[in-house]
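Residue-level listing of the chains:
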Amino acid sequence: ALGVKLWASAFGGEMKSISAKYSGSQLLQKKYKELEKSVRVEEIDGLKLVKNLAVKMEEVFRKKAEATRRLVEAAEEAHHQHEDNPDLQYEYFNAVLINEVDEEGNNVELGGEFLLEPNDHFNNLSVNLSLSVVQVPTNMYNKDPDIVNGVYWSEALNKVFVDNFERDPTLIWQYFGSAKGFFRQYPGVKWHPDEHGVIGFDCRNRKWYIQAATSPKDVIILVDVSGSMKGLRLTIARQTVSSILDTLGDDDFFNIIAYNQEIHYVEPCLNGTLVRADRTNKDHFREHLDKLFAKGIGLLGDALTEAFTILSEFNQTGHGSLCSQAIMLVTDGATEMYDDVFEKYNWPERKVRIFPYLIGRESAFADNLKWMACANKGYFSQISTLADVQENVMRYLHVMSRPKVIDHEHDTVWTEAYVDSAVSLKDKAGPRLMTTVAMPVFSTKNETNQGILLGVVGTDIPLQELMKLIPKHMLGIHGYAFAITNNGYILIHPDLRPLYQDGQKRRKPNYSSVDLSEVEWEDKDDNLRNSMVNRRTGTFSMEVKKTVDRGRRVLKMHNDYYYTDIKGTPFSVGVALSRGHGKYFFRGNVSVEAGLRDLEQPDVALADEWTYCNTEEQHEHRHLTQIQAIKLFMTGHRPHLKCDRELIQEVLFDAVVTAPLEAYWTGLALNKSENSDKGVEIAFLGTRTGLSRTNLFVPTDQLSNQDFVTAEDKEGVFNADHFPLWYKRAAEQVPGTFLYSIPFSTALENKSVVLASTAIQLLDDRKSPIVAAVGIQMKLEFFQRKFWTACRQCATLDGKCSISCDNDINCYLIDNNAFILVTEEQSQTGLFFGEVEGAVMNKLLQMGSFKRIALYDYQAVCRDYSGSSDSARTLSDPFTVVKWLLTELVIFLLEFNLYSWWNVDLSARAQRSRGRPPMVPCDTEYPAFVSERTIKETTGNIDCEGCIRSFVIQQIPSSNLFMVVVDNKCDCSSSPPVTMDPNEIMYILFLSLKCDRLKFQKDRKKPDSCHPFHPEENAMECGSATRLSSPLTAALLPLIAATISR
């Protein structure tokens, strides 16, 4: 053990001096110290901060809503002026046909030459900024008179699109979705059909369209499963129900009941209630639809009675949409009118609308169904083929939107966050998240007591734009801002992970619904979530565990949360600050001249996604870099630029204080006797204002790893929602010590390096802000060589060592999360220590040298074994059952190998991947390991089947590293490894629990506006049975299922 202690201190001393010398940490500490007297340290006022942020966000949203309102006015005016002409011929730019030519090389009809130029503001798609294009769903006729007339009058929107974009250059897509089915999009862009030649996109079943067109609703779907529904009819019925589900959104509630002589709830556990129409619930019901089969006779009266009863009881509980209510009836006919049921439950108010869908070609029983629709303010449709489903289901939305139209309420609606799939097809950076602001467009002609909805206009807001408003420098190193919707779903949050990986879309489509409680999971009682959903202003605090480095490492801290609502929107915004250094900010002053001079040095860079100056608000500033913009602003040349003067003042201060490092590094690089073997490759620093400096000691092409310079690894750089990893982790180390790590992204590819970094504090006390962090990148092989050299030293006089790492013992160097940095077996570098030395790791956990921390991931994906044999789903051990019943959240962990998003795909695993089961969203629990700070030295013994094996763990001074020396005279291979594999949390084993989970309704705030019915409504407009399906739709039958997401 003495020997080990000597090795540890020799290695520690050597590394500290190399790290300190090449990083220049002492020089920088001294420079900040000299200024200690002239700077002001202040505590951050979280509430004031979040209120200011809310005002800024409100402003962005208001501008977008104004642009949308201008479109509404232009559309209503243009329609008012237009006289419908059934013979109108009009050549418009069809999104699919533009620039297409026939065999002779002439433009095809509705094609025409359409100028397209790549534009970086639209993710480098080729667009036309002066014209819009029109997309018509594949199952509709391009030259249908309804469509041609609509396209013709909506041309008037082009000038407004262009004008909006000139007024507000941060706008992206603007569009009009027509009730007739066509979609006008600006800027003009070419659409490409899928491999079947289809574009299934129909704007009318998009969230933004439905939310703007209708009020929130409670819907019960009744499906006839009597014997006559066998075969094709049941297939059409299923598709109809599925289409109805598509039209329901997060503010709606529903249930599905199948009836023959009995009443069958499609999900038996939800009898007598309604659930929110979020994606999870809708998918759950869709799975059950396939299990329906037809037999017996249909007793519709009982089913209607049940539906009315639930609607009225559910309404009285205060749950649900508390707005419109409807019963959708999917059947092949009704033998009577059931007026007694309607009289008892629905007349005279007729609060519940009835929408009958007659399935099949027979119309013998159509009259009764039609009467039901007309007597209950509904609409009757007949669906005889699969191709008719979509169009017919859509019609009910018109009826539901009538009251809103007559009231002429242009409610502004905002959607949840979703992925813009139109853009993600080409974009390397992965998908962009947006929210859409939409408003309905009504006919202002005199016949409006029928309430005619012309369509919906919308504007997309990339959430990236909201991120730019966040005053990152005021939030400290671990702080962040986040926003949620009235339903508790995340709009922005640094832990919201896009579900795209290597360009492949994974199954949690659009991931619009990640609840705040799935990310801030330590808030077990939803205190933070519910206060924010209810639009309160306040504070909350809790201990949290934040994972970094792709979920492999964990930082524990105490966060204070501050939150308030964003006026004029359904959103709330919050800010989290970590206690300690995260609550303090300091201000220093330097002259503008000195600051700008040092800011323009070639080794300086500013954080990519931080906004020092907003260069996007005006077209003439778009080409400026941040440094150019700062210079123009501070020298008074561009007074119109919007800049953050306070942040710029501090970034200039940091530029001046860190300037001496540039000269210091250059001096080291020029000195031939230093660093002769080029072991140290890069020196770098970052400051609290997002300023960084980098110095290369070797030419770029000779670096063992260029990720640092190319910013390849996103966790290693400043961005909109985090500080670089080497900075965040160094801040949690004891001041003055260095943090060493091997970046995971490099461990696999033999281009390994070690990063060493340390944080610079302003003052010596606990309240000190951390002002900067500095570090170096060195070759892994250089670092390892230093380790082996240190391990050859001996304390004996004759220089003969009693022990050495070469033969009888195994020596490891591990970090504070137990990842291996050095070992004789090169292939183990970067692995978790427990996988290599399971028995030793277990003993370290028992002795308390390391702690296992349980973490949860509610956005994981797992292999779906349900298709293969069920044998994989076995319980881990009987004890779990007992523990399980005792805990409140009842969880099962199943031990089969899962894959979480951060598991690096080792090449061996890649080979096995052929024929893998598909990935599905799931919840997982996984461990992270952290060392206790106080281990100086510990020895332990392990019993391996009777053979005693001893080991020593010794802390390396001034670092986050430990040396572990294990004697290898026993074979301990039989003891299992300790792994970091996640376990899936299984909710399926006790049906009742799965059921409670479905029934459990989290708090949500209902949208303010509601238009359930209107006295002037024309209820006689209630559908006719005569519409036959056009031959075109029948020909396109198989194509209907193809939909793309927007």
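Residues numbered from 1 in each chain as written. Predicted model: local features only at pLDDT ≥ 70, side-chain atom pairs only at ≥ 80, totals over all residues. Heavy atoms only, no water.

The protein chain appears in an unreviewed UniProt entry as Calcium channel, voltage dependent, alpha2/delta subunit 3 from Gasterosteus aculeatus aculeatus. Under the UniProt heading Sequence similarities (unreviewed entry), the note attached to the protein chain is "Belongs to the calcium channel subunit alpha-2/delta family." (UniProt positions renumbered as here; feature names shortened; annotations may be inferred.)

Along the backbone of the protein chain there are 28 helices and 43 strands. Here the protein chain, with 1046 residues, has 57% of them falling under the buried criterion. Counting only contacts in the protein chain whose residues sit at least 6 apart along the sequence, the fraction spanning at least 24 positions is 73%. With the model as given, the accessible surface of the protein chain reaches about 43,400 Å², and the carbon-plus-sulfur share is 51%. (Helix = DSSP H or I, 4+ residues; strand = E, 2+ residues; numbered from the N terminus. Buried < 20%, exposed > 50% of the residue type's maximum accessible area, 1.4 Å probe, protein only. Contact = heavy atoms within 4.5 Å. Areas by Shrake-Rupley, 256 points an atom, 1.4 Å probe, with all protein chains shown as cover.)

A separate point is the pairing of strand E33 (residues 753-761). The buried fraction of E33 amounts to nine of the nine residues, a majority that puts the element mostly inside the structure. Neither face of E33 is left uncovered, since the one carrying Val 753, Leu 755, Ser 757, Ala 759 and Gln 761 and the one carrying Val 754, Ala 756, Thr 758 and Ile 760 both have all their residues buried. Note that strand E32 (residues 739-741) and E33 share three bridges and pair antiparallel. From the neighbouring strand, Leu 739 faces E33, where its bridge partner is Ser 757. Sheet topology places E33 next to strand E34 (residues 770-779); nine bridges connect them, and they run antiparallel. (Pairing = 2+ DSSP bridges.)

What follows is about the environment of Ser 804. Along the polypeptide, Ser 804 turns up in the loop between helix H22 (780-790) and strand E35 (809-815). For the pair Ser 804 and Gln 793, spaced eleven residues apart in sequence, the C-alpha to C-alpha distance is 9.0 Å. Among all residues touching Ser 804, those that are not within four sequence positions of it are Trp 7 and Ile 809.

On the surface, Glu 336, Asp 339, Asp 340 and Glu 343 cluster together into a negatively charged patch. Using a relative accessible area of 52% as the deciding quantity, one classes Glu 343 as exposed. (Patch = residues over 30% accessible without salt bridge, like charges linked within 9 Å, V, L, I, M, F, W, Y side chains within 5 Å. Salt bridge = Lys/Arg side-chain N within 4 Å of Asp/Glu carboxyl O. Lys, Arg positive; Asp, Glu negative; His and termini not counted. Charge placed at Lys NZ, Arg CZ, Asp CG, Glu CD.)

Before going further, it helps to spend a moment on the state of the cysteines. Going through the model one piece at a time under the given rule, you end up with six disulfides. Disulfide pairing is shown between Cys 323 and Cys 1010; the S-S distance is 2.0 Å. Disulfide Cys 323-Cys 1010: torsion about the S-S bond near 105°, hence right-handed. Linking Cys 323 in the loop between helix H9 (300-316) and strand E12 (324-331) with Cys 1010 in the loop between helix H27 (991-999) and helix H28 (1031-1035), this pair joins segments that are 687 residues apart in sequence. Exposure remark for Cys 1010: the relative accessible area of 32% places this residue in the partly exposed category. Between the sulfur of Cys 374 and that of Cys 1022 lies a disulfide, 1.9 Å long from S to S. Between Cys 374 and Cys 1022 the disulfide shows an S-S torsion of about 85°. By sign, it is right-handed. One end of the pair, Cys 374, is in helix H11 (residues 366-375); the other, Cys 1022, is in the loop between H27 and H28, with 648 residues separating them in the sequence. Each member of the pair, Cys 374 as well as Cys 1022, carries the same accessibility label: buried. The closest cysteine sulfur to the non-disulfide-bonded Cys 791 is located on Cys 805, 4.1 Å from its own sulfur. (Disulfide = S-S within 2.5 Å.)

Along strand E30 (residues 680-687), eight of the eight residues are buried, which leaves the element largely enclosed by surrounding structure. The pairing of E30 with E34 spans seven bridges and is classified as antiparallel. Looking at E34, one finds that Leu 685 is bridged to Val 774. Inspection of the sheet shows E30 paired to strand E31 (residues 691-696) by five bridges, in the antiparallel sense. Note on E31: the bridge partner recorded for Phe 684 is Thr 694.

In this section: the packing of aromatic side chains. Inspection of every chain in the model, using the stated rule, returns 52 aromatic pairs. Both rings, one in Trp 610 and one in Tyr 612, keep their centres 6.4 Å apart while their planes meet at 25°; by these two values the pair is stacked. Among the residues examined, Trp 610 registers a relative accessible area of 4% and is labelled buried. Exposure remark for Tyr 612: the relative accessible area of 0% places this residue in the buried category. Residues Tyr 740 and Phe 783 carry aromatic rings whose centres are separated by 5.9 Å and whose planes lie at 35° to one another, so their mutual orientation is tilted. With Tyr 740 in strand E32 and Phe 783 in helix H22, the pair connects residues that are 43 residues apart, well separated along the chain. Summarising the burial analysis for this pair, Tyr 740 and Phe 783 share the class buried. These aromatic residues form a ring-pair network of at least three members: Trp 610, Tyr 612, Phe 684, Phe 708, Phe 718, Phe 723, Trp 726 and Tyr 727. Against the face of Phe 586 rests Arg 688, its NZ or CZ located 3.8 Å from the ring centre. (Phe/Tyr/Trp six-rings, centres within 6.5 Å; stacked < 30°, edge-to-face > 60°. Lys NZ or Arg CZ within 6 Å of the ring centre and 35° of its normal.)

Turning next to the nonpolar core. Ranked by size, the top nonpolar core spans 111 residues in total, and within it Met 57, Phe 61, Trp 173, Trp 208, Leu 466 and Tyr 561 carry the most contacts. Residue contributions to this core peak at 14 residues, all from helix H3 (residues 46-81). Residue contacts for Tyr 561: discarding those within four places in its chain leaves Tyr 480, Phe 482, Glu 520, Leu 528, Gly 538, Thr 539, Phe 540, Ser 541, Met 542, Val 544, Val 575 and Ala 576. Among the nonpolar cores identified, the runner-up in size contains 89 residues, and Trp 7, Val 657, Tyr 727 and Phe 783 belong to it. (Core = buried A, V, L, I, M, F, W, Y, C linked by side-chain atoms within 4.5 Å.)

In this model, the protein chain carries an average pLDDT of 84, and 87% of its residues clear a pLDDT of 70 or more. The lowest-confidence element of the protein chain is strand E38 (residues 892-894), averaging 29 in pLDDT; the highest-confidence one is strand E8 (residues 217-224), averaging 97. Note on residues 1025-1046: pLDDT is under 50 here. Beyond four places in sequence and across chains, it has 43 contacts. (pLDDT = per-residue confidence, 0-100.)

All of the buried residues along helix H17 (residues 626-634) are Gln 626, Ala 629, Ile 630, Phe 633 and Met 634. Seen end-on, H17 carries its buried residues on one side only, within an arc spanning 120°. Summarising the contacts, the buried residues of H17 are in contact with helix H16 (592-599), strand E27 (604-606), strand E28 (613-614), strand E29 (642-643) and helix H18 (645-670). Phi turns positive one or two residues past the end of H17, at Gly 636, with a value near 80°. (Arc of directions from axis to C-beta.)

A word on empty space enclosed by the protein. Summed over all chains, the structure comprises five cavities of 30 Å³ or more. One number sums up the size of the largest cavity: a volume of about 120 Å³. If you go around the largest cavity, the residues you meet are His 473, Gly 476, Ile 477, His 581, Gly 582, Tyr 584, Phe 585, Phe 586, Arg 688, Phe 723, Pro 769 and Ile 770. In terms of residue count, the dominant contributor to the lining of the largest cavity is strand E26 (residues 584-587) (three residues). Residues belonging to the lining of the largest cavity are distributed by class as follows: seven nonpolar, four polar and one charged. For the second largest cavity, the calculated volume is near 50 Å³. Met 467, Ile 470, Lys 472, Leu 475, Gly 479, Tyr 480, Ala 481, His 493, Pro 494, Ala 720 and Asp 721 are the residues that line the second largest cavity. (1 Å grid on protein atoms, 1.4 Å probe; cavity = no way out; pocket = protein on both sides within 12 Å on 5 of 7 lines; lining within 4 Å. Points joined across faces, edges and corners; volume = space filled by probe spheres on them. Nonpolar A, V, L, I, M, F, W, Y, C, P; charged D, E, K, R; others polar.)

If you walk through the whole model with that rule in mind, you get 50 salt bridges. The salt bridge involving Asp 598 is made with Arg 597; its shortest N-O contact spans 3.7 Å. In this structure Asp 598 comes out as buried when scored by relative accessible area, which is 5%. With relative accessibility at 55%, the residue Arg 597 sits in the exposed group. Counted as one network, the salt bridges with shared partners bring together Arg 40, Glu 42, Arg 587 and Glu 646.

Now for the UniProt feature "coiled-coil region" (unreviewed entry) in the protein chain. UniProt records the feature "coiled-coil region" (unreviewed entry) at residues 50-85, using the numbering of this structure. Helix makes up 89% of residues 50-85 and strand 0%. Its end C-alpha atoms lie 55 Å apart.

Spatial strand order, E27-E31-E30-E34-E33-E32: six strands in an open sheet with antiparallel pairing. The open sheet has two edge strands with one neighbour each: E27 and E32. Across the sheet, the mean angle separating the axes of adjacent strands is 20° when strand polarity is ignored. Helix H2 (residues 25-34) rests against E30, E33 and E34 of the sheet, and its axis sits at about 20° to E33. (Axes fitted to C-alpha atoms, helices over the stretch in contact; angles between N-to-C directions.)

Mapped onto the elements of the fold, Asp 549 is located in the loop between strand E23 (538-548) and strand E24 (553-565). A polar contact of 3.0 Å, which involves the side chain of Asp 549, links it to the side chain of Arg 553. (Polar contact = N/O pair within 3.5 Å; in protein donor to acceptor, adjacent residues only side chain to side chain.)

Attention now goes to the sheet that holds strand E25 (residues 572-578). The sheet built from five strands is open, its strands ordered E20-E19-E25-E24-E23 with antiparallel pairing. Either end of the sheet is taken by a strand with one partner, and the two such strands are strand E20 (490-492) and E23. On average, adjacent strands in this sheet sit at an angle of 35° to one another, irrespective of strand direction. Pairing between strand E19 (residues 480-484) and E25: five bridges, direction antiparallel. Bridging from a neighbouring strand, Tyr 480 pairs with Ala 576 of E25.

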